[in-house]
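Now for the letters of each chain:
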Amino acid sequence: MTKTRHVLGLSGGKDSAALAIHIDKNYPDIPVEYFFTDTGYELQETYDFLNKLKTRLKKPIHYIKPKNNFDYYMKKYNNFLPSATARWCTIEMKLKPFENWIKDSLKEGTEIITYVGIRFDERGRVGYKPTNPLIKAKFPFIDDMIDREGVISILEDSGLGLPDYYKWRSRSGCSFCFFQRKIEWVGLKENHPEKFAYAKKLEKNAKDHESPFTWNQRESLEELEQPERVAKIKSNYEKQLENLRQKKADKIKNNPFLKDEEIIVDDNIANDDVSSSCLICHK
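All figures in this text were calculated on a predicted structure; none of them were measured in a lab.

**Digging into the overall build of the chain**
Within the chain, the regular secondary structure consists of 12 helices and five strands. Here the chain holds 283 residues, and the buried ones make up 48% of them. For the chain, restricting intrachain contacts to residue pairs at least 6 apart in sequence, the fraction spanning at least 24 positions comes to 70%. Carbon and sulfur atoms provide 51% of the accessible area of the chain, an area that totals close to 15,000 Å².

**Some words on the packing of aromatic side chains**
Inspection of the entire model under this criterion finds 17 aromatic pairs. Between F35 and W101, the ring centres sit 5.1 Å apart and the planes meet at 45°, which makes this aromatic pair tilted. Remark: W101 occurs in helix 4 (residues 88-101) and F35 occurs in strand 2 (residues 32-37); sequence separation between them is 66 residues. Owing to a relative accessible area of 3%, F35 belongs among the buried residues under this scheme. Look at W101 and you get partly exposed, because its relative accessible area is 21%. Cluster of aromatic residues (ring-pair linked, three or more members): Y41, F70, Y77, W88, F176, W185, F196, Y198 and W215. For R5, the ring lying beneath its charged end belongs to W101, and the centroid distance is 4.6 Å.

**Description of the packing of helix 1 (residues 14-26) against helix 7 (residues 148-158)**
Following both chains from N to C, one finds helix 1 and helix 7 inclined at 65°, their axes separated by 9 Å at the closest point. In terms of crossing hand, the pair formed by helix 1 and helix 7 is left-handed. On helix 7, the residues that touch K14, D15, A17, A18, I21 and H22 of helix 1 are R148, V151, I152, I154, L155 and S158. Residue classes in the contact of helix 1 with helix 7 are distributed as seven nonpolar, two polar and three charged.

**Looking at unusual backbone geometry**
Note: most residues except glycine have negative phi, and most peptide bonds are trans. Its identity as a non-glycine residue notwithstanding, E210 has a phi of 55°, on the positive side. You will see that R218, though not glycine, has its phi angle at about 65°, which is positive. Its place among the elements puts R218 in the loop between helix 9 (193-208) and helix 10 (221-224). Looking at R218, the relative accessible area reads 79%, which means it is exposed.

**Observations regarding helix 9**
Under the 1.5 Å per step criterion, the end-to-end length of helix 9 is 23 Å for 16 residues, consistent within 8% with the ideal 22 Å. Every buried residue of helix 9 is accounted for by F196, Y198, A199, L202, E203 and A206. Axial view of helix 9: buried residues confined to an arc of 160°, hence all on one face. Exposed and oriented more than 90 degrees from the buried face of helix 9 are K204 and K207.

**Side note on the pattern of salt bridges**
For the coordinates displayed, the defined rule picks out 18 salt bridges. Close ionic contact of K58 with D24 constitutes a salt bridge, the shortest N to O distance being 3.3 Å. Within this pair, whereas K58 is found in the loop between helix 2 (44-54) and strand 3 (61-64), its partner D24 is found in helix 1, the two being separated by 34 residues in sequence. A relative accessible area of 69% means that K58 is categorised as exposed.

**Description of the nonpolar core**
Membership of the largest hydrophobic core comes to 33 residues, with the highest contact counts inside it found for Y41, F70, M74, F176, W185, L202 and W215. Where this core is concerned, the elements lending two or more residues are helix 3 (70-76), helix 4, helix 8 (182-191), helix 9, helix 10 and helix 11 (227-252). Sort the elements by how many residues they give to this core and helix 9 lands first, with five residues. In contact with L202, not counting residues within four places along its chain, are F70, D71, M74, L81, F176 and W215. If you look at the next biggest cluster of nonpolar residues, it comprises 25 residues, including L10, Y34, I113 and F141.

The rules behind the values
Residues numbered from 1 in each chain as written. Predicted model: local features only at pLDDT ≥ 70, side-chain atom pairs only at ≥ 80, totals over all residues. Heavy atoms only, no water. Helix = DSSP H or I, 4+ residues; strand = E, 2+ residues; numbered from the N terminus. Buried < 20%, exposed > 50% of the residue type's maximum accessible area, 1.4 Å probe, protein only. Contact = heavy atoms within 4.5 Å. Areas by Shrake-Rupley, 256 points an atom, 1.4 Å probe, with all protein chains shown as cover. Phe/Tyr/Trp six-rings, centres within 6.5 Å; stacked < 30°, edge-to-face > 60°. Lys NZ or Arg CZ within 6 Å of the ring centre and 35° of its normal. Axes fitted to C-alpha atoms, helices over the stretch in contact; angles between N-to-C directions. Left-handed = near helix turned anticlockwise from the far one by under 90°. Nonpolar A, V, L, I, M, F, W, Y, C, P; charged D, E, K, R; others polar. Expected span 1.5 Å × (residues − 1). Arc of directions from axis to C-beta. Salt bridge = Lys/Arg side-chain N within 4 Å of Asp/Glu carboxyl O. Core = buried A, V, L, I, M, F, W, Y, C linked by side-chain atoms within 4.5 Å.

In short, the description is geometric, and any link to function would need to be established separately.
As structure tokens, this is what we get:
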């Protein structure tokens, strides 16, 4: 008889946290193991959120670390910064540590069921693509028809709420994640200036080695942090939020039963490309 191991990866984001609570509450007979691949470059708010989550789950969270630090891997990749088209950071610092964690189980022929926090309103998005047929993905939110509002309800009803970084950032992941929008880089500088400075240093190292050297297209962090540029980024972002508020007001005008909730940061993702393997960072 084939052995089965059930695992659920936590990113420090709202969806995977809500999924852990959902499974713990509604499927208590599933022996799920919770894990977090800790690069060492996450925000403090992420660690704080996971500590709160631990108190609401009946099992521990396994912290998995990569073998080396970011500087080591950057040298390995010829001082090229990772990007949406070359996501070596996800491979080296998230996926390989996970695969190493389950390696012995796979050698024994154990089937691995991995639970992924893709929501019902995100049907069609692809997740982690396993290279081993013993690894199988399940999507409880899709099966149980839980959308974004359902995720928020799970977190609120549990008393966990949202991670504090949602006040200025739209997703989890490393502090210098290339998926950040410019307003989020501004938020990083204002909330964690030492992490912003480290990201800026990585850009300089790449430039010194004649590699593509900016986290953003067409703009370095040194240019982005200039006061006049910060003011413009904030102004543009406020205009985007106002447009969203207006659209929402138009939508509820003739329906008094709809909630007039405040627009939050992750409602305003213009290009939410966190498909494929990066779900392990951002879900």
